[in-house]
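An overview of the molecular structure
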Amino acid sequence: MRNRWVALIAVVVLALVIVLGAVFDPSGLAAPYTWTGADLLPVAGVWQVAPLVVYVPLLLLGVWALTPVSLPPFRTALLAWGAVVVSAMVAKFAMSMVMSLGDVAYLAWSTGFTGVKALVFGLPVLVATWITQAVRRRLPKPEPVPALAGSPSAPALAPAFAVAQPLSARSVGLVAAAAAVVLGALVGGSWWGGSPIGYAVGDSPLAPAPEAGPLGCLAAVILLGLVTWAVDRWLGAPASWGTAGARVAVVGARDRGARVAAGAPGRGARAVVAGMSALTAAGVLGLVQVAIGLPGDMAGGDSFWAPAIMLRLASALSFGAMLAVLVALATLVRIPKAALAVVAAGALAVPLLGPQTTAVQPQKTQGLTLSADRRIVDAHGNEVLLRGVNVNQFEDYYQKDPAKQVARPLTEDDFAGMERMGFNVIRLALSWSALEPNPGKYDETYLSRIDWAVATAAKHGLRTVLDMHQDAWGKGVQADQGATCRNGSPMHGWDGAPAWADRFDGAPRCEFTGRDISPAVSRAFTNLYQDRDGIQTHLVNTWAMLARRFAADPMVAGYDLLNEPGFGEAPPVTSGVLLGRFYDRTIKAIRAAERGGFPHLVFFEPSVLWSGLGFEVSVPRDFTDDRLIVFAPHLYNESITIDRGTGVTITSIERGFDLASRAAEAYGAGLWSGEWGWFGDPAEAPIGRYTKQEDAHRIGGAFWVWKQSCGDAHAGPEDRTGGNLMIEDCATGKDLPSPPEYTAALSRPYPRSAPGRLTALTSDKAALTLRGEGKGCGLDVWFPGTAKPATQGTGLQNLSARQSPGGWRVTGCAAGAYELAARG
């Protein structure tokens, strides 16, 4: 056993790191293993125990099996570190497959984030094995390596397919190159630019993928081959394995007698070194991609370069893990060099053909739809900018203070006020707990209120986006009286799910650095995504009921499937694959329910992490084949993102718009900002920068929020006012003046609709300039104020202005390229 002390130390140190991470990071976002504190029994499904019975054992077993024992200290430590990284990614992939059973490419790619974490939590293993090996080498007369043939674990773990002599060191580079080309042909298009995070870092000019172009693809393949060959020669040459007869003893090395006598490594050991060399090559490729992308990542005036490094390395490491496995297998089997060359040459043609894209095909509808280039348009083909406000007055909030109402009444005066500000849409927040207070039983009174709100909004020229709203799951996250938390603080209740859907399984109802990073919230969302006890089915059926109710209403703009979904216990498995499946299932149910009317837009959101970070590993790009979809992240950059108060801006307002726009393009979806605002002091709010980007990207959005009560769950006990736009005096309950900075920006001029497509738009509170191209009389521009705006148009006919509540509506017709300038 003495010869396995290095591997044993590696496993023990890693186990300690796993335990400490689980104790101090219940979110699992940084720790190797997520332990929320939830009950282990009863077991509702294999997904519930997969992290403990699949991920952890495979991780530890992999490190035991792959850690060398007889190399010099530094090389031993490097290989042990690599063993942690590879084992973590393989274990995460196996766990993810058990939890979700599908989406193989997405899950394989997502292991890269585990690889990046493993680079960090593997450092103690690197240090410990370095020290252990250095001490062990100083011991007098070390015991010779015992034969593994009699080891009880050898038959089970030895590679049964190792039936030939390993490849020579000179062939490993060719193997790596061939494997890189084959992988690039099969998955390269989705591994970098097409990945769930490809929108954030863009296409790399150096990758074995179509997006890199012929030269970039070829250069990446050559780099992988050369680095693999060089590292393998350094680690795998007989001289580097110590004195004659010394070798790496790993589980799986067989026929060692002749090789030891010759001073050569065993077959399994040779495969390990070759695989680790390939992983290193992929890591080097990732670092080169980081260096290439760094100037652009640093150009935005924010600190996005830091997460960009992680994102680029994650893609490279996950690719490297697959490459390592293929190279290791290839070293175990005699493959003729000519065959390798043919495979490489044949596969190289595939990634050089270029990426395939699919255009959105417009669908006939009486309401809003998407154009071929993903713009929101009406039934006549006019581009529509949906600009308005969130309305939370129908939300079923937890009541923190019995003396304060949780929501202010919604009246027609509210809609008249929105009309006077020039809005053309509301995002109406609904609560599942109010819609379905008992399983399968819908509240007709609540539904009648929704009917009234939609109809009254339409009366004032406002479309409605129905939003299934939730914050931190629901009221049930309220901690028990007198509860204490090991990490964080006891939670108060929020809004969303009905009590009968709560499945916390004993997870602590504690806030860990924030309401959404809570063990109870994560367990509840995981249960939802896994459809435990049919919870998800109930929510899908609720959406079908709503879609059936509004199937023929053209003033319902669409359906926002779930507000800021929780990321669950195993992101991005839960927040990506499983959330995407819930979306697809819900969309199919909505389409089936709309057969008596016409299809409406479906708005889908990334997980709540986007609101906190300004980017996210969202659902797979092919999560649905429905094309009437709109990507609707919440653009809270420089507002409530987690970097606020630190003096550092991770993603700026400008970068936030660019990331959202590229993500929507990747999905082949429209783009709409479902929430924005909440900047704090209006006098210091960067709202002008936000509205400038909104115009530059020619999109709409919904400001948060129209009226917030002093008893709202978002309000603190020290707040003297409630609301972000319509302000309430908490002492008297009377309305206070709205912040002029917000009202001026929100009611600024904009085109409610425009013929064809808009090509440029700029505006401020007193002026507007727009350009577009198209035919028809769909130009409808809002202009605030009492004074009639002066207008000047090119390519426009029948240009006129009529007064409307709160301002003016400028209308006209176009027959090609057109331009309009208006000033108050």
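My aim in this report is to walk through the structure given alongside it, one point at a time. What you see is a predicted model; the values in this text were computed from it and never measured.

**Comments concerning the overall build of the chain**
If you tally the helices and strands in the chain, you get 23 helices and 22 strands. Counting over 824 residues, the chain shows a buried share of 59%. Intrachain contacts of the chain at a sequence separation of at least 6 include 73% that bridge at least 24 residues.

**Notes on the sheet that holds strand E15 (residues 721-722)**
Reading across the sheet, the three strands line up as E15-E16-E17 and stay open at both edges, with antiparallel pairing between neighbours. Only two strands of the sheet have a single neighbouring strand rather than two, namely E15 and strand E17 (735-736). Sheet topology places strand E16 (residues 727-729) next to E17; two bridges connect them, and they run antiparallel. Paired with Ile727 across the strands is Leu736, a residue of E17.

**As for a nonpolar patch on the surface**
On the surface, Phe74, Val127, Trp130, Ile131, Val135 and Trp234 cluster together into a nonpolar patch covering about 570 Å² of accessible area. When residues of the nonpolar patch are assigned to their parent elements, the largest contribution, four residues, is made by helix H5 (residues 123-138). Considering the arrangement of structural elements, one finds Trp234 in helix H9 (residues 213-236). For Trp234, a relative accessible area of 37% gives the class partly exposed.

**Points about helix H12 (residues 305-332)**
Within an α-helix, residues lying three or four positions from one another point in the same direction, as the helix has 3.6 residues per turn. Between the first and last C-alpha of H12 there are 40 Å, a value that for 28 residues agrees with the 40 Å anticipated at 1.5 Å per step. Across the 28 residues of H12, 20 count as buried, placing the element largely inside the fold.

**Considering the pairing of strand E6 (residues 463-469)**
Counting buried positions along E6 yields seven of seven residues, so the element is predominantly enclosed. Taking every second residue as pointing to the same face, both faces of E6 are buried, with Arg463, Val465, Asp467 and His469 on one and Thr464, Leu466 and Met468 on the other. Strand direction decides the pairing type here: strand E5 (residues 425-431) and E6, joined by seven bridges, are parallel. Residue pairing across strands places Ser431 opposite His469, the latter belonging to E6. Sheet analysis places E6 next to strand E9 (residues 556-560), joined by four bridges and oriented parallel.

**Concerning the packing of helix H3 (residues 73-100) against helix H19 (residues 573-593)**
Interaxial distance between H3 and H19 falls to 11 Å at its minimum, and their mutual angle equals 30 degrees. On the basis of their axis angle, the class for H3 and H19 is roughly parallel. Remark: the crossing between H3 and H19 carries right-handed chirality. For the pair H3 and H19, the contacting residues are Lys92, Ser96, Met99 and Ser100 in the first and Val573, Thr574, Val577, Leu578 and Arg581 in the second. Split by residue class, the contact of H3 with H19 holds four nonpolar, three polar and two charged.

**Examining the state of the cysteines**
Evaluation of the coordinates by the stated rule reveals three disulfides. The disulfide partner of Cys485 is Cys510, and the S-S distance across this bridge is 2.0 Å. One disulfide, between Cys485 and Cys510, carries an S-S torsion of -85 degrees and so falls in the left-handed class. Taken together, the residues Cys485 in the loop between E6 and strand E7 (489-490) and Cys510 in strand E8 (residues 510-511) connect sequence positions 25 residues apart.

**Overview of the side chain of Thr111**
Within the secondary structure, Thr111 sits in helix H4 (residues 104-121). For Thr111, a relative accessible area of 3% gives the class buried. If sequence neighbours within four positions are ignored, Thr111 has contacts with Met89, Lys92, Phe93 and Ser318.

**Points about unusual backbone geometry**
Residues Leu41 and Pro42 are joined by a peptide bond in cis, for which omega reads -5 degrees. Structurally, Pro42 can be placed in the loop between helix H1 (5-24) and helix H2 (46-66). Note the cis peptide between Trp704 and Val705, where omega equals 10 degrees. Backbone geometry at Trp473 places phi at a positive 80 degrees, although glycine is not the residue there. Counting through the fold element by element, Trp473 comes out in the loop between E6 and E7. For Trp473, a relative accessible area of 3% corresponds to the buried category. Its identity is not glycine, yet Asp505 carries a phi of approximately 55 degrees, on the positive side.

**Re the pattern of salt bridges**
Should their charged atoms come close, side chains of opposite charge can pair. According to the stated counting rule, one finds 39 salt bridges in the structure shown. Taking the shortest distance from any N to any O, the salt bridge between Glu569 and Arg523 comes out at 2.9 Å. Here the residue Glu569 occupies a position in the loop between E9 and H19, and Arg523 occupies one in helix H17 (residues 519-529), the gap between them amounting to 46 residues. Owing to a relative accessible area of 5%, Arg523 belongs among the buried residues under this scheme. The salt bridge partner of Arg532 is Asp533, with a shortest N-O separation of 4.0 Å. Overall, the relative accessible area of 14% leaves Arg532 in the buried class. Here the salt bridges share partners, and the residues they tie into one network are Arg503, Asp505, Arg523, Arg532, Asp533 and Glu569.

**Notes on the sheet that holds strand E14 (residues 701-704)**
Taking strand neighbours across the sheet as the criterion, the nine strands line up as E12-E11-E10-E9-E6-E5-E4-E14-E13 in an open arrangement whose pairing is parallel. The open sheet has two edge strands, strand E12 (670-671) and strand E13 (673-677), and neither has a second partner. Where strand E11 (residues 629-631) meets E12, two bridges bridge the pair, whose relative direction is parallel. Its bridge partner being in E12, Val630 is matched across the sheet by Gly670. Relative to E11, helix H21 (residues 653-667) is tilted by about 155 degrees, and along the sheet it contacts strand E10 (601-604), E11 and E12. In the packing of helix H22 (residues 687-696) onto the sheet, contacts are made with strand E4 (387-391), E13 and E14, and the angle to E13 comes to roughly 155 degrees.

**Quick look at the pairing of E14**
A regular strand carries its side chains on alternate faces of the sheet. Burial along E14 is two-sided: Gly701 and Phe703 and Ala702 and Trp704, pointing in opposite directions, are all buried. Looking at chain direction, E4 and E14 are connected through three bridges and run parallel. Bridge pairing in E14 places Val389 opposite Phe703. Pairing of E13 with E14, which is carried by three bridges, proceeds in the parallel orientation.

**Here's the deal with the environment of Leu326**
Within the secondary structure layout, Leu326 lies in helix H12. Linking Leu326 and Gly275, residues 51 residues apart in sequence, is a C-alpha distance of 7.7 Å. Setting aside residues up to four positions removed in sequence, Leu326 forms contacts with Ala179 and Leu183.

**Digging into the packing of H2 against H3**
With their axes 8 Å apart at the nearest point, H2 and H3 run at an angle of 155 degrees to one another. Between H2 and H3, the angle falls in the class roughly antiparallel. With respect to the hand of their crossing, H2 and H3 are arranged in right-handed fashion. Residues Val46, Trp47, Ala50, Pro51, Val54, Tyr55, Leu58, Leu59, Gly62, Val63 and Leu66 of H2 pack against Ala83, Val84, Ser87, Ala88, Ala91, Lys92, Ala94, Met95, Val98 and Met99 of H3.

**Concerning the packing of aromatic side chains**
Under the definition given, this model contains 25 aromatic pairs. The structure contains a cluster of three or more aromatic residues connected by ring pairs, namely Tyr199, Phe582, Tyr583, Phe604, Trp610, Phe623, Phe631 and Tyr667. The ring of Phe394 is capped by Arg449, whose NZ or CZ atom sits 4.3 Å from the centre of that ring. Here Arg515 stacks its cationic end above the ring of Trp494, 4.4 Å away from the centre of that ring.

Basis of the calculations
- Along each chain, residue indices are assigned from 1 in the same order as the chain's sequence is written.
- With pLDDT at 70 or above as the cut-off, local features in this predicted model cover only qualifying residues; side-chain atom pairs require 80 or more to be listed or tallied, and sums for whole chains, interfaces and linings still use all residues.
- Values shown for side chains rest on all heavy atoms present in the structure; no hydrogens or waters enter the calculation.
- Numbered from the N terminus, helices here are DSSP runs of H or I no shorter than four residues, and strands are runs of E no shorter than two.
- Type-normalised accessible area, obtained with a 1.4 Å probe on protein chains alone, sets the label of each residue: buried when under 20%, exposed when over 50%, and partly exposed for intermediate values.
- In this analysis, two residues are considered to be in contact whenever any of their non-hydrogen atoms come within 4.5 Å of each other.
- Being paired, for any two strands, means DSSP has found at least two bridges between them.
- Residues with no salt bridge and a relative accessible area higher than 30% make up the patches, which join like charges within 9 Å and nonpolar side chains (Val, Leu, Ile, Met, Phe, Trp, Tyr) within 5 Å.
- Accessibility throughout is a Shrake-Rupley quantity obtained with a 1.4 Å probe, and a residue counts as covered only by protein chains that appear here.
- Every case where a carboxyl oxygen of Asp or Glu lies within 4 Å of a side-chain nitrogen of Lys or Arg is listed as a salt bridge.
- A helix's residues, less one, multiplied by 1.5 Å, set its expected span.
- The convention used is that axes are lines fitted to C-alpha atoms, helices contributing only their stretch in contact, and that angles between N-to-C directions extend from 0 to 180 degrees.
- In what follows, roughly perpendicular refers to angles from 65 to 115 degrees, roughly parallel to angles under 35, roughly antiparallel to angles over 145, and oblique to any angle outside these ranges.
- Handedness of a helix crossing follows the sense of rotation of the near helix relative to the far helix, less than a right angle counterclockwise being left-handed and clockwise being right-handed.
- Note that Gly is not counted as nonpolar here; it falls among the polar residues with everything else outside the nonpolar set of Ala, Val, Leu, Ile, Met, Phe, Trp, Tyr, Cys and Pro and the charged set of Asp, Glu, Lys and Arg.
- Disulfide assignment relies on a single distance test, namely cysteine sulfur atoms paired within 2.5 Å.
- Within 6.5 Å between ring centres, the rings of Phe, Tyr and Trp (the latter by its six-membered ring) count as paired, and their orientation is classed by plane angle as stacked under 30 degrees, edge-to-face over 60, tilted in between.
- For a lysine, the NZ atom is tested; for an arginine, the CZ atom; a charge sits over a ring if that atom is within 6 Å of the ring centre and within 35 degrees of the ring normal.

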